[in-house]
Amino acid sequence: MAERGLSRKKNNIANYMDYTLLFIVIFLLGFGLVMVYSTSSYSANLQFDGDAAWYFRKQLWATALGIVVMMVVANIPYHFWEQFAVLGYIVSVVLILLIIPFGTESHGAKRWLNIAGISVQPAEIAKLGMILFLASMICTMGNRIRQKKGFFTVLIVPVPIAIMLWRITSNLSSAIIVMGIAVLMLFVSCPDYKRFVILGVVTLAAAALIVLVIVKMAESGAGDGESVGGFRGARILAWLDPEAYAVGKGFQTLQGLYAIGSGGILGKGLGNSKQKLGFIPEAQNDMIFSIICEELGLFGAIAIILMFIMLIWRFMIIANNAPDLFGALLVVGVLGHIAIQVILNIAVVTNTIPNTGISLPFISYGGTSVLFLLIEIGLVLSVAKGIRLKDL
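Cut-offs applied
Residues numbered from 1 in each chain as written. Predicted model: local features only at pLDDT ≥ 70, side-chain atom pairs only at ≥ 80, totals over all residues. Heavy atoms only, no water. Helix = DSSP H or I, 4+ residues; strand = E, 2+ residues; numbered from the N terminus. Contact = heavy atoms within 4.5 Å. Expected span 1.5 Å × (residues − 1). Buried < 20%, exposed > 50% of the residue type's maximum accessible area, 1.4 Å probe, protein only. Axes fitted to C-alpha atoms, helices over the stretch in contact; angles between N-to-C directions. Parallel < 35°, antiparallel > 145°, perpendicular 65-115°, else oblique. Pairing = 2+ DSSP bridges. Salt bridge = Lys/Arg side-chain N within 4 Å of Asp/Glu carboxyl O.

Student: With reference to specific residues and values, describe the environment of Ile-363.
Tutor: Relative to the helices and strands, Ile-363 is located in the loop between α13 (325-349) and α14 (367-385). Residues Ile-363 and Gly-32, 331 residues apart in the sequence, show an inter-C-alpha distance of 3.7 Å. Not counting residues up to four positions away in its chain, the partners in contact with Ile-363 are Leu-28, Phe-31, Gly-32, Val-36, Ile-288, Ile-292, Ile-304 and Phe-308.

Have a look at this one:
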C-alpha cells in the first residue's frame, strides 16, 4: 500500500508547459508577418523589381528558423547555458569591436556584420549575452550583492557593452535596453528601494539637463541641435516641436502621428494605409506601430498592447514559480528586454520621447531581432518546464 501511494504521488508530479505563453508568442509572430507584408509590399515592389513579398519572405524564413531554435532551446535544461555565461559576454564584446573594421553600413548606421552571407546585428547577441552573464554572476555573488560593493559591481558590468553599442554602433536605444535589463535584474535580486530611487532621480535629472542645454543653445543662436548634440540633439529639438523640423528630423515623427490620427477607432482596414506609400521611411521597421494604428485603429493598437501585457504577465508567473534563482533571473532578464523595447518603441512612435531606432518585438521587420527574441523565449519555456505541478 505504501509503495502504491508513493507511486501515485510520483505520477501526480508533472512538468509545467506554459501553452498560454506559447500561444501569445505565435500570435504576435503571425500578426507581425501580416503587418510586415502590409507595410512593406509597396516599397518592396519598387525596390526589388516587382517583388512585393521580398521583406515578408525574409522575415518568414527568420521566423521559421527562430521557432525551430526556440523549441530546441526549450527542451534543453536551462542550467546547461550557465557554463557559457562568461563566453557570451566576451563574444558580445568581440562582435561589437569587429564592427569597426568589418561592419556593414545601412541607413547611415554601421551596426551589422556579414557572417557567412548572413547579416547579424551584434546588439541583439549582446542583450542575450548580458542576460546569461548577469544571471550567473548574481547567483555566484549570493548575499554579497546586497552590500554596496556588490551592488555597484553588478551595475558597472554592463556599462562597457552599453558604451560600445552607443559609440561604435550609434545604437543608443540598445545601450539603454542593456542597462535597463541589468537594473531590473539587480532590482529583483536586491530590492533596496532607496538606491533605485536615487538612481532613477539622477538619471532623469541628467536627461533633463541635456535637453535643457540643447534647447538653450538653440534659442541663444549658439548652434542648432545637431551642432550641439550631434544628430541626437536635432532629434531632441524635433521631439519638442516636430512641425518646426517637418522637412528634417521631424518628418518621420510627423508622418507617424498623421498615420495614428487618421486611423480613428477602427482604422482604415488592413492594407489600406496611405502613410506607408512612401511617406514613412522604412515603415516596416521602427514605425510599424503607426501603420497598425492607421489600418486597425485604436482598437487594433490596444489589442496588441494587451497581448504584450499578457506576455509580461506570463513571464512574471514563470519567474515567481521558477525552481531556483538562476531560472528566475533568466526570465526577469527576458521580461526586461521585451518590456523596455515595447515601451520605447511605442513612446517613440507617439512622440512621447525623442526618436531613436528601436523595433517592436516580434512584429517589426528584422531577422536577427526575431531570431534572438525566440531564443530568449526558448530559455523562458525551459525554465517553465522545470516547474513541477503537484495535485494535492
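Student: Any details on helix α11 (residues 251-263)? Residues and values, ideally.
Tutor: Over its 13 residues, α11 runs 19 Å from end to end, which matches the ideal 18 Å to within 8%, given 1.5 Å per residue. Considered for burial, the residues of α11 that qualify are Thr-253, Leu-254, Gln-255, Gly-256, Ala-259 and Gly-263. Its buried side turned inward, α11 meets α12 (288-320). Phi for Gly-264, located one or two positions after α11, is positive at around 65°.

Student: Run through the packing of helix α5 (residues 122-141) against helix α6 (residues 148-156), naming residues and quoting values.
Tutor: Viewed as axis vectors pointing N to C, α5 and α6 meet at an angle of 170°, and their least axial separation amounts to 11 Å. Between α5 and α6, the angle is such that the two are roughly antiparallel. Across the interface between the two elements, Leu-134, Met-137, Ile-138 and Met-141 of α5 pack against Gly-150, Thr-153 and Val-154 of α6.

Student: Please set out the environment of Ser-189 residue by residue, giving values where relevant.
Tutor: Mapped onto the secondary structure, Ser-189 falls in helix α8 (residues 172-189). Taking relative accessible area as the criterion, Ser-189 reaches 11% and is therefore assigned buried. Considering only alpha carbons, one finds Ser-189 and Asn-143, 46 residues apart in sequence, at a separation of 9.2 Å.

Student: An account of the pairing of strand β3 (residues 109-115) is requested, with residue identities and associated values reported.
Tutor: Looking at chain direction, strand β2 (residues 104-106) and β3 are connected through three bridges and run antiparallel. The residue of β3 that forms the bridge with Ser-106 is Ala-109. Taken together, the three bridges between β3 and strand β4 (residues 118-120) define a ladder with antiparallel strand orientation. Residue pairing for β4: Ile-115 is matched across the bridge by Ile-118. Counting the residues that bridge the hairpin from β3 to β4 gives two residues, and of these Ala-116 lies at a positive phi of roughly 55°.

Student: Explain the pattern of salt bridges residue by residue, including any values.
Tutor: If charged atoms from side chains of opposite charge come close, those side chains can pair. Per the stated rule, a full pass over the model turns up five salt bridges. Residues Glu-124 and Lys-127 are paired through a salt bridge, measuring 3.3 Å at the closest nitrogen-oxygen approach. Taken as a pair, Glu-124 and Lys-127 lie in helix α5 at a separation of three residues, close to a single helical turn. Residue classification places Glu-124 among the buried positions, given a relative accessible area of 5%. A relative accessible area of 1% means that Lys-127 is categorised as buried.

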